[in-house]
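# Topology and contacts: notes
Read off the chains here:
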Amino acid sequence: MTDDTRRFAPSAARNRDVILQTLGRHMPARGHVLEVASGSGEHITHFAGAYPQLTFQPSDLDADCRASIDAWTGHLGLKNVAPAMLLDVANSAPPAQRADVMICINMIHIAPWSACTGLMCSAATILPKGGLLYLYGPYRRDGAHTAPSNQAFDADLRARNPDWGVRDLEAVAASASEHSFSAPVIEAMPANNLSVMFRRT
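Attention here is on the structure that accompanies the text. (Residues numbered from 1 in each chain as written. Predicted model: local features only at pLDDT ≥ 70, side-chain atom pairs only at ≥ 80, totals over all residues. Heavy atoms only, no water.)

### Quick notes on the packing of helix H4 (residues 113-126) against helix H6 (residues 169-178)
Two elements in contact, H4 and H6, have axes separated by 9 Å at closest approach and are oriented at 35°. For the pair H4 and H6, the sense of crossing is right-handed. Here Trp113, Cys116, Thr117 and Met120 of H4 come into contact with H6, specifically with Ala171, Val172, Ser175 and Ala176. Residues that form the contact of H4 with H6 fall into these classes: 6 nonpolar, 2 polar and no charged. (Axes fitted to C-alpha atoms, helices over the stretch in contact; angles between N-to-C directions. Helix = DSSP H or I, 4+ residues; strand = E, 2+ residues; numbered from the N terminus. Left-handed = near helix turned anticlockwise from the far one by under 90°. Contact = heavy atoms within 4.5 Å. Nonpolar A, V, L, I, M, F, W, Y, C, P; charged D, E, K, R; others polar.)

What follows is the structure in structure tokens.
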């Protein structure tokens, strides 16, 4: 009997259904979905189970996370999820593949700013015109936090690593615009998070 390498993220269990509901209003009928920083793999495998007509490519910088993603895929018996690949959007060239949708959940604030700009560069390379870039997480708006809990979270992140922190949504949107993405469609989500959706123009 092999060890179970699946990881369990309580936040993923809490938010995956509401994210799926939001994504469902924007998913194509057919196509390929690339997730950046898939973490435990609980999000992408949940989405793949709901959309068997789509193919999904998970990725992560961390080898243990990639093992967890593949373990979740096997545990759930999913046939439309490719093996997790190594992807470091902050420091490497975009992968040599195309996608109709790119998803990035809870990465931008737990990474240096170069990860955000690298994500935009990769998305501009990979997505076709009209392709969707979906982001989820906490953001500052108009230079201010949207809730005291987000302010405390931001302080904790910056204490752990000064290159991390809750980002200004306007700065993220400006980076997206520099890479030929539309103004974002924004939806409020539970726990003071936002869904932020860009289309490649």
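### Side note on H6
Of the residues making up H6, those classed as buried are Leu169, Val172, Ala173, Ser175 and Ala176. With its buried residues spanning 160° around the axis, H6 presents them on a single face. Buried-residue contacts for H6 involve H4, strand S6 (132-137), strand S7 (139-140), strand S8 (167-168), strand S9 (185-189) and strand S10 (193-199). One or two steps after H6, the chain reaches Ser180, where phi turns positive at roughly 70°. (Buried < 20%, exposed > 50% of the residue type's maximum accessible area, 1.4 Å probe, protein only. Arc of directions from axis to C-beta.)

### What to know about the packing of helix H1 (residues 10-24) against helix H2 (residues 42-50)
Put simply, H1 and H2 touch, their axes get as near as 10 Å, and they point 45° apart. By the angle between their axes, H1 is oblique relative to H2. Crossing hand, H1 versus H2: right-handed. Packed against H1, whose contacting residues are Ala12, Asn15, Arg16, Asp17, Ile19, Leu20 and Leu23, the element H2 presents Glu42, His43, His46, Phe47 and Ala50 at the interface. Counted by class, the contact of H1 with H2 contains 6 nonpolar, 3 polar and 3 charged residues. (Parallel < 35°, antiparallel > 145°, perpendicular 65-115°, else oblique.)

### Some remarks on the nonpolar core
With 30 residues, the main nonpolar core has Met102, Met107, Leu119, Leu133, Leu135 and Phe198 as its most contacted residues. Among the elements of the structure, strand S1 (31-36), strand S5 (101-105), H4, S6, H6 and S10 are those that each provide at least two residues to this core. Apart from the residues lying within four places of it in its own chain, the contact partners of Met107 are Val36, Ala37, Val89, Ala115 and Leu119. In terms of nonpolar packing, the next biggest core, distinct from the first, is built from 21 residues, Leu23, Met27, Val33 and Ile105 among them. (Core = buried A, V, L, I, M, F, W, Y, C linked by side-chain atoms within 4.5 Å.)

### Thoughts on the pattern of salt bridges
According to the stated counting rule, one finds 6 salt bridges in the structure shown. Of the charged contacts, one joins Asp154 and Arg158 as a salt bridge, the two residues approaching to 2.9 Å between their closest N and O atoms. Taken together, the residues span about one helical turn, with Asp154 and Arg158 both in helix H5 (residues 148-160) at a distance of 4 residues. Between Arg160 and Asp156 there is a salt bridge, and its shortest N-O distance comes to 3.4 Å. Residue Arg160 and its partner Asp156 are both found in helix H5; the two are separated by 4 residues, about one turn of the helix. (Salt bridge = Lys/Arg side-chain N within 4 Å of Asp/Glu carboxyl O.)

### A closer look at H4
Taking 1.5 Å per residue as the helical rise, H4 with its 14 residues ought to reach 20 Å, and the 20 Å between its terminal C-alpha atoms agrees with that figure. Buried within H4 are the following residues: Ala115, Cys116, Gly118, Leu119, Met120, Ser122, Ala123, Ala124 and Ile126. Buried residues along H4 sit against S1, S5, S6, H6 and S10. (Expected span 1.5 Å × (residues − 1).)

### With respect to the pairing of S1
Of all the 6 residues making up S1, 5 are buried; the element is thus mostly covered by neighbouring parts of the structure. Bridge count between S1 and strand S2 (residues 54-57): 4 bridges; the pairing is parallel. Across the sheet, Val33 pairs through a bridge with Phe56, a residue of S2. Regarding the hand of the β-α-β motif, the stretch spanning S1, H2 and S2 is right-handed. Here S1 runs beside S5; their pairing, made up of 4 bridges, is parallel. (Pairing = 2+ DSSP bridges. Right-handed = clockwise from strand over helix to strand, strands pointing away.)

Any link to function would need more than the numbers given here.
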